[in-house]
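Architecture at a glance
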Amino acid sequence: MSKRKVAVVGAGMTRFVRRAQETGKELSWQAVRMALESCEMTMDDIEAVCLGTAPDAFDGVHMKGEYLSDGAGAWRKPYMRSYVGGGTGVFVPIQAWYHIASGLFDVCLVVAEEKMSSFYPHAQAAFLTIFDHTTERPLKPNLLWIFALEMNRYMHTYGISKADIAQVAVKNKRNAADHPCALLGDKNITVEDVLNSELLAWPVNRLDVSPVSDGAVALVLAAEHVAKRITDKPVWIEGVGWSLDTAHWTNRDLAYPRYVEYAARMAYEMAGIKEPRKEIHIVEPYDPFDYKELHHLEGLLLADRGQAPQLVADGVTLRDGDMPVCPSGGLLGVGNPIAAAGLMKIAELFWQLRGEAGARQVPGQPKRGLAQAWGDLMQVGTVVIMGR
Amino acid sequence: MNERVAIVGIGWAGFRPVTPEVSYKELMYAAAVRAYADAGVDPLRDIDSFITVAEDFHEGTSIFDEYTPDQLGAVLKPMHTIAGDGLHGLAAAYMLVRTGQFSIVAVEGHSKASNILTLPEITAYAQDPVLNRPLRLNTHFVAGLEMNRFLYDTGTSLEQCAAVTAKNRRNALDNPSAAYGADLTLAEVMDSQFLAWPLSRHQVAEHADGAIVMVLAAEETARRLTDYPVWILGAGWCSDSPSLENRDWGQAVYAHQAAGMAYRQAGIRSPQAAIDFAEVDDTYAYKELQSLEALGLVPAGSAGLLTEEGATQPDGELPVNVSGGSQGMGNLLDATGLARALEVVVQLRGEAGPRQLKDIQIGLAQSWRGVPTASGAVVILSN
Amino acid sequence: MTSNIKNFPGTSLSEQDIVDGKVFSLHDSMRADFGWDTGVAVGRYLAALKEGVILGARCRHCRKTVVPPRQVCEWCYRPMSDYVPLQDTGIVNTFSLCYVTWDVQRIKEPEIPAVIEIDGASPLHGILHKLGEINPQEVRIGMRVKAVWKPTAERIGAITDILYFRPNLEKQP
């Protein structure tokens with residue numbers, strides 16, 4: 001039972017902005033064009049297209065995947081849209097991976113697009129509809145609630161302070177100052193700035209949260225024999241994993257994202273990784289809120305439970321530390337166009353592992369990276385491990 | 001890679017205009033439990049990955065993916081949702097098994113159309129928000145435009161389209177899972193109001209609720225689990241332009257290309273010779289004719305005439321929609337393609353009872369995502 | 001590659017650009033009405049709420065009592081048909097003080113959402129609801145709370161038949 005090797009050979013992205021003039025189709029096209037140019041390919045070379053985009057509610061377009069298909073280059077091609085909430089950005093390359101690993105296709109285009117700004121009065125309000133329509137929605141829950149509830153439980157369980165957590169926001173927003181597409185890069189931000197920002201839903205302050213954004217990212221994936229022809233620096237997909245926990249989130253321990261652990265174990269096993277803390281050189285976990293980076297590092301088994309804040313405090317997770325985390329600047333710094341944000345992390349690893357990340361480059365010629373996204377009701381973990 | 005993949009278990013529930021006594025989760029559970037029993041698998045222990053097909057606006061919930069694992073036995077397992085038709089889900093499951101990483105994969109699709117109180121409004125929101133929706137037309141207009149052009153290009157008559165409805169609804173009388181069986185004359189079908197001329201009311205499939213689950217397995221596992229595996233010979237899918245302004249209106253190009261992809265995988269050079277029977281989209285009666293031509297199952301322009309002559313009747317040369325299709329079983333929204341595949345599997349296993357076809361080896365299932373899309377998928381199965 | 005590219009695509013607009021009419025925009029509002037069948041398990045849950053009871057379900061195989069009830073145990077995949085009335089008291093598992101409504105309006109007095117582990121259900125099994133009749137600064141994880149119900153005549157069989165949970169003065173640790 002041989003397994004086909006799959007590599008990322010090209011990548012492109014748009015800037016992440018609060019509100020883009022471009023339509024969703026245009027954002028997709030811009031990212032795709034850049035990705036194709038980056039590896040000197042054309043749409044004729046693309047055999048299938050995989051698109052990821054989060055709730056249709058943002059755009060007010062039903063079957064949004066169909067609407068975006070032409071912008072994503074899927075005209076008269078096999079096209080699928082996969083969807084696991086916020087986990088989508090790291091899932092859609094997994095979908096492309098299985099397209100190619102199945103033997104049915106050799107070259108696949110991956111697109112993740114988000115245009116949240118269309119929703120009035122504010123995209124956040126669309127999240128009312130993610131809650132159970134009978135048992136929870138009548139309470140008019142707010143997206144902030146579910147994060148704040150989880151953050152509080154995490155802090156309480158391990159005795160972690162807001163200042164510990166704010167360090168993540170500071171690290172990522174500073175890292176993002178070196179990302180040309182970033183919305184909230186800030187070289188000078190401090191922990192005080194975060195703690196003093198507007199209180200939204202205790203314990204969440206405004207600067208603990210990544211901003212609603214528009215943007216798109218695209219990748220080209222290819223089977224081994226094609227990848228080697230296209231580029232002398234293919235970045236291999238060494239492991240993939242994903243896991244979906246029960247919808248009954250109020251019946252779970254919110255202090256630990258076990259679904260991230262399940263996804264990570266699946267990916268580690270596939271990649272043959274026995275000691276992740278030693279073998280993973282760059283980590284891009286999903287950071288829609290600062291505490292989530294810590295939560296996810298623990299779920300990824302890269303830190304002991306409750307110990308991730310110590311890694312940050314010790315400088316281990318800085319770009320030049322032993323285990324750089326979110327060298328891109330993450331969602332907190334670059335922006336959070338939901339599906340595109342996850343794919344941005346994969347693009348970041350692509351550039352980092354090829355030594356093409358410019359001012360964000362992690363030193364020491366990193367060979368292996370891990371990207372992770374999260375989504376649904378504190379429910380899904382998606383993990384991709386990439387290597388040179 | 002696992003090249004050979006089979007469907008080893010099927011289960012379904014509902015298939016009625018309304019299902020008020022169960023929630024969608026309970027409907028899914030009913031179908032899943034049957035599929036797992038049919039396959040002889042325990043989802044917790046044996047199933048490696050799960051796929052569901054769904055659209056948020058059909059469910060009335062954003063990120064509907066959240067609400068799928070519990071009732072399928074998929075908690076803390078690799079599970080994902082595809083915003084597509086059931087056959088897209090089936091194709092994705094096929095690909096997952098082929099990677100060699102997953103031996104057994106389950107696919108689910110369902111419809112709770114009865115719970116969508118403003119379905120025409122919601123469907124209208126699939127139209128382009130800037131260019132089309134402001135015209136405030138009921139989305140059936142897209143089918144009307146397409147039907148008109150199809151009739152013009154092929155010389156198909158209104159009676160021939162009506163013959164599809166009459167055939168499929170009569171076929172449904174022999175299908176205990178079909179909600180809309182009826183014995184209608186051509187005249188009765190023709191004598192209904194126009195919804196979007198030349199499309200008349202009786203030629204539009206009514207909706208139904210239902211859930212379908214299928215279990216796929218790699219060859220070695222499949223042979224261990226069942227004596228009657230149904231092999232997937234090929235799967236294809238394609239999306240044509242979503243834009244109404246850029247469309248090739250007469251032909252279902254998406255079906256043609258999806259079929260081409262599936263035939264190539266199956267090594268089929270002459271579909272008319274190789275395919276014994278087919279379950280194709282008939283959301284609108286003319287769609288069956290247009291699809292048959294796009295699939296290359298009949299010579300171009302001849303589908304209407306052949307239907308009139310009875311070639312697609314259960315006792316004809318190419319039985320089409322013996323299940324009753326959507327016209328007879330009901331439009332099951334995103335699960336429609338799985339309903340088509342379900343019939344193909346049941347027939348190939350010899351389990352179709354009074355509507356059993358004889359001497360069949362290869363069946364084709366095709367789906368379309370409905371107006372205003374130009375996307376569809378094809379799966380070719382054999383026993 | 002990013003080190004080679006200077007200009008990334010994407011044009012940023014501000015709210016003012018739209019208000020000032022610098023770009024063309026279209027407003028639309030969707031009517032999306034649903035009548036969701038509650039089904040067996042949640043149907044029972046709602047009926048019990050109308051009677052002033054929080055209903056759970058017990059899985060005999062896993063020996064777990066869960067709330068809200070469901071038809072199948074997600075851990076062993078067996079059907080659950082033992083419905084168990086629970087108490088209307090519980091413990092705060094986690095909470096927040098939220099100063100923003102779901103549609104992003106600022107409010108002065110915070111809403112206090114909480115996950116409340118219901119007495120009678122297995123540990124860590126709770127429901128989402130809100131707290132009331134309490135000073136927001138005094139809410140603590142682990143505090144005991146009790147449901148405040150709408151008057152019998154006003155209950156319709158919905159989660160909002162419980163107005164909120166307030167501190168359970170009878171049983172503070």
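The rules behind these values
- Position labels on residues start from 1 in each chain and follow its written sequence.
- Chains carry letters and ligands carry numbers; both start at the beginning, A for chains and 1 for ligands, and go up in the order they are written.
- For a predicted model such as this one, the threshold for reporting local features is a pLDDT of at least 70, and the threshold for listing and counting side-chain atom pairs is 80 or more; totals across whole chains, interfaces and linings nevertheless cover every residue.
- Only DSSP runs of H or I covering at least 4 residues are called helices, and only runs of E covering at least 2 are called strands; the numbering of each starts at the N terminus.
- Atoms counted for the radius of gyration: C-alpha only. Globule rule: 2.2 Å times residue count to the power 0.38.
- Neighbour counting defines burial: a residue surrounded by 20 or more other C-beta atoms within 10 Å of its own C-beta is buried, one with 12 or fewer is exposed, and intermediate counts give partly exposed, using backbone-placed C-beta atoms.
- C-beta atoms are first placed from the backbone for all residues, and any pair lying within 7 Å is then listed as a contact.
- Only buried Ala, Val, Leu, Ile, Met, Phe, Trp, Tyr and Cys residues enter a nonpolar core, and they are joined through C-beta atoms within 7 Å.
- Marked domain ranges trace back to an automatic or database domain assignment.
- A helix is expected to reach a length of 1.5 Å times the quantity of its residues less one.
- For two strands to be treated as a pair, DSSP must find at least two bridges joining them.
- Axes here refer to lines fitted to C-alpha atoms; in helices the fit is confined to the stretch in contact. Angles between the N-to-C directions go from 0 to 180 degrees.
- Side-chain classes follow a simple rule in which Ala, Val, Leu, Ile, Met, Phe, Trp, Tyr, Cys and Pro form the nonpolar group, Asp, Glu, Lys and Arg form the charged group, and the remainder, Gly included, forms the polar group.
- An angle below 35 degrees is treated as roughly parallel, one above 145 as roughly antiparallel, one from 65 to 115 as roughly perpendicular, and anything else as oblique.
- Known as pLDDT, the predictor's confidence for each residue is given on a scale from 0 to 100.

**Observations concerning the overall build of chain B**
Of the regular secondary structure elements, chain B holds 15 helices and 11 strands. Computed over the C-alpha atoms, the radius of gyration of chain B is 19 Å, within 12% of the 21 Å expected from 2.2 N^0.38 for a compact globule of 383 residues. Its C-alpha atoms give chain B principal-axis dimensions of roughly 55 × 45 × 40 Å. Among the 383 residues that make up chain B, the fraction classed as buried is 68%. For chain B, long-range pairs separated by at least 24 residues make up 78% of all intrachain contacts whose partners lie at least 6 apart in sequence.

**Section: the overall build of chain A**
Within chain A one finds 14 helices and 11 strands. Computed over C-alpha atoms, the radius of gyration of chain A comes to 19 Å, within 12% of the 21 Å expected from 2.2 N^0.38 for 388 residues, which places it in the range of a compact globule. The principal-axis extent of the C-alpha atoms belonging to chain A is close to 50 × 45 × 40 Å. Buried positions account for 72% of the 388 residues belonging to chain A. Restricting to contacts in chain A with at least 6 residues of sequence separation, those with at least 24 account for 78%.

**Re the environment of Leu311 of chain A**
Residue placement: Leu311 of chain A occurs in helix H12 (residues 308–313). Leu311 of chain A has contacts with Ala303, Val316 and Thr317 of chain A, leaving out every residue within four places of it along the chain.

**As for the nonpolar core**
By size, the foremost hydrophobic cluster in this structure holds 343 residues, and its most contacted members are Leu221 of chain A together with Leu216 and Val379 of chain B. Broken down by element, the residue count for this core peaks at 12 residues, all from helix H14 (residues 338–353) of chain A. Lining this core are residues from two domains, each supplying at least three of them: domain 1 (5–118 + 209–230) and domain 2 (126–205 + 231–382) of chain B. Leave out the neighbours within four places in its chain, and Val379 of chain B touches Leu87, Leu90, Ala91, Ile232, Ala235, Ala262, Ala341 and Ala365 of chain B.

**Some details on helix H1 (residues 24–38) of chain A**
Residue and element names in this part refer to chain A. The end-to-end C-alpha separation of H1 is 21 Å, in line with the 21 Å expected for 15 residues at 1.5 Å each. The complete set of buried residues in H1 reads Gly24, Lys25, Leu27, Ser28, Trp29, Gln30, Ala31, Val32, Met34, Ala35, Leu36 and Ser38. On its buried side, H1 packs onto strand E1 (6–13), helix H2 (56–59), helix H3 (64–68), strand E4 (107–115) and strand E7 (214–223).

**A short note on the sheet that holds strand E2 (residues 64–66) of chain C**
All names here are of chain C. Strand order in the open sheet formed by 3 strands is E2-E1-E3, and the pairing between neighbours is antiparallel. Strands at the two margins of the open sheet, each flanked by one partner only, are E2 and strand E3 (82–86). Across this sheet, the average inter-strand angle for adjacent strands is 35°, counted without regard to direction. Pairing analysis gives 3 bridges linking strand E1 (residues 54–59) to E2, with the strands arranged antiparallel. Looking at E2, one finds that Cys59 is bridged to Lys64. This element, helix H2 (residues 39–50), spans E1 and E3 of the sheet and lies at about 145° to E1.

**A closer look at the interface of chain A and chain C**
Contacts between the two partners involve 52 residues from chain A, matched on the other side by 44 residues from chain C. Take the side of chain A that touches chain C: its biggest share by element is 7 residues, from helix H5 (residues 143–158) of chain A. Its residues assigned to classes, the side of chain A that touches chain C comprises 24 nonpolar, 18 polar and 10 charged. Here 2 bridges tie strand E5 (residues 199–202) of chain A to strand E5 (residues 97–100) of chain C, and the two strands are oriented antiparallel to one another. Bridge pairing in E5 of chain C places Trp202 of chain A opposite Leu97 of chain C.

**Some thoughts on the sheet that holds E5 of chain A**
In space, the 4 strands of this open sheet follow the order E6(A)-E5(A)-E5(C)-E6(C), with antiparallel pairing throughout. Only two strands of the sheet have a single neighbouring strand rather than two, namely strand E6 (204–205) of chain A together with strand E6 (106–111) of chain C. Most of the contacts of H5 of chain A go to E5 of chain A, to which it runs at about 60°, and overall it touches E5 and E6 of chain A together with E5 of chain C.

**Things to note about the interface of chain A and chain B**
Contacts between chain A and chain B engage 52 residues on the former and 52 residues on the latter. For the side of chain A that touches chain B, the leading source of residues is strand E3 (residues 79–83) of chain A, giving 5 residues. Broken down by class, the residue content of the side of chain A that touches chain B amounts to 27 nonpolar, 15 polar and 10 charged. Alignment of E3 of chain A against strand E3 (residues 79–82) of chain B, held across 2 bridges, turns out to be antiparallel. Its bridge partner lying in E3 of chain B, Tyr83 of chain A is registered against Thr81 of chain B.

**What to know about the environment of Gln290 of chain B**
If you trace the backbone, Gln290 of chain B turns up in helix H12 (residues 285–294). For the pair Gln290 of chain B and Ala211 of chain B, spaced 79 residues apart in sequence, the C-alpha to C-alpha distance is 27 Å.

**Here's the deal with the pairing of E4 of chain A**
All names here are of chain A. Most of E4 is tucked away: 9 of the 9 residues are buried. Of the two faces of E4, the one lined by Val107, Leu109, Val111, Glu113 and Lys115 and the one lined by Cys108, Val110, Ala112 and Glu114 are each fully buried. Here 5 bridges tie strand E2 (residues 48–52) to E4, and the two strands are oriented parallel to one another. Across the sheet, Gly52 pairs through a bridge with Ala112, a residue of E4. When E4 meets E7, the two strands line up antiparallel, connected through 9 bridges. Residue pairing in the sheet places Val111 in a bridge with Ala218 of E7.

**A look at the packing of helix H6 (residues 162–176) of chain A against helix H11 (residues 290–299) of chain A**
Residue and element names in this part refer to chain A. Following both chains from N to C, one finds H6 and H11 inclined at 100°, their axes separated by 7 Å at the closest point. With respect to their mutual orientation, H6 and H11 come out roughly perpendicular. Contact residues: Ile165, Ala166, Val168 and Ala169 in H6; Asp290, Tyr291, Glu293 and Leu294 in H11. Broken down by class, the residue content of the contact of H6 with H11 amounts to 6 nonpolar, no polar and 2 charged.

**Observations concerning the confidence of the model for chain B**
Across chain B, the average pLDDT comes to 96, with 99% of residues at 70 or higher. Here the predicted complex carries an ipTM of 0.96, next to a pTM of 0.96.

**Considering the domain arrangement of chain B**
Residue and element names in this part refer to chain B. Segmenting chain B into domains produces domain 1 (5–118 + 209–230) and domain 2 (126–205 + 231–382). On a C-alpha basis, the centres of domain 1 and domain 2 stand 23 Å from each other. Domain 1 puts 30 residues into the contact, and the matching count from domain 2 is 28 residues. Listing elements by their share of the side of domain 1 that touches domain 2, those giving two or more residues are strand E1 (5–16), helix H4 (86–98), strand E4 (104–112) and strand E7 (209–218). At 7 residues, the largest contribution of residues to the side of domain 1 that touches domain 2 is made by E1. Split by residue class, the side of domain 1 that touches domain 2 holds 20 nonpolar, 7 polar and 3 charged.

**Remarks on the pairing of E6 of chain C**
Residues and elements named next belong to chain C. Note: E5 against E6, 2 bridges, orientation antiparallel. When the bridges of E6 are listed, Val100 appears paired with Arg106. Between E5 and E6, which pair antiparallel one after the other, the connecting turn spans 5 residues, and Val104 there sits at a positive phi close to 60°.

**Things to note about helix H6 (residues 140–154) of chain B**
Residues and elements named next belong to chain B. For H6, built from 15 residues, the straight-helix expectation of 21 Å at 1.5 Å per residue is met to within 8% by its first-to-last C-alpha distance of 21 Å. Regarding H6, the residues found buried are His140, Phe141, Val142, Ala143, Gly144, Glu146, Met147, Phe150, Leu151 and Thr154. Contacts made by the buried residues of H6 are with strand E5 (194–196), strand E6 (199–200), H12 and helix H13 (303–308). Immediately beyond the C-terminal end of H6, within one or two residues, lies Gly155, with a positive phi of roughly 70°.

**Thoughts on unusual backbone geometry**
Residues and elements named next belong to chain B. In this model, Trp197 is joined to Pro198 through a cis peptide bond whose omega is 10°. Positionally, Pro198 belongs in the loop between E5 and E6. The step from Val371 to Pro372 runs through a cis peptide bond, and the omega angle for that step is 0°. In this fold, Pro372 is placed in the loop between strand E10 (362–368) and strand E11 (375–382).

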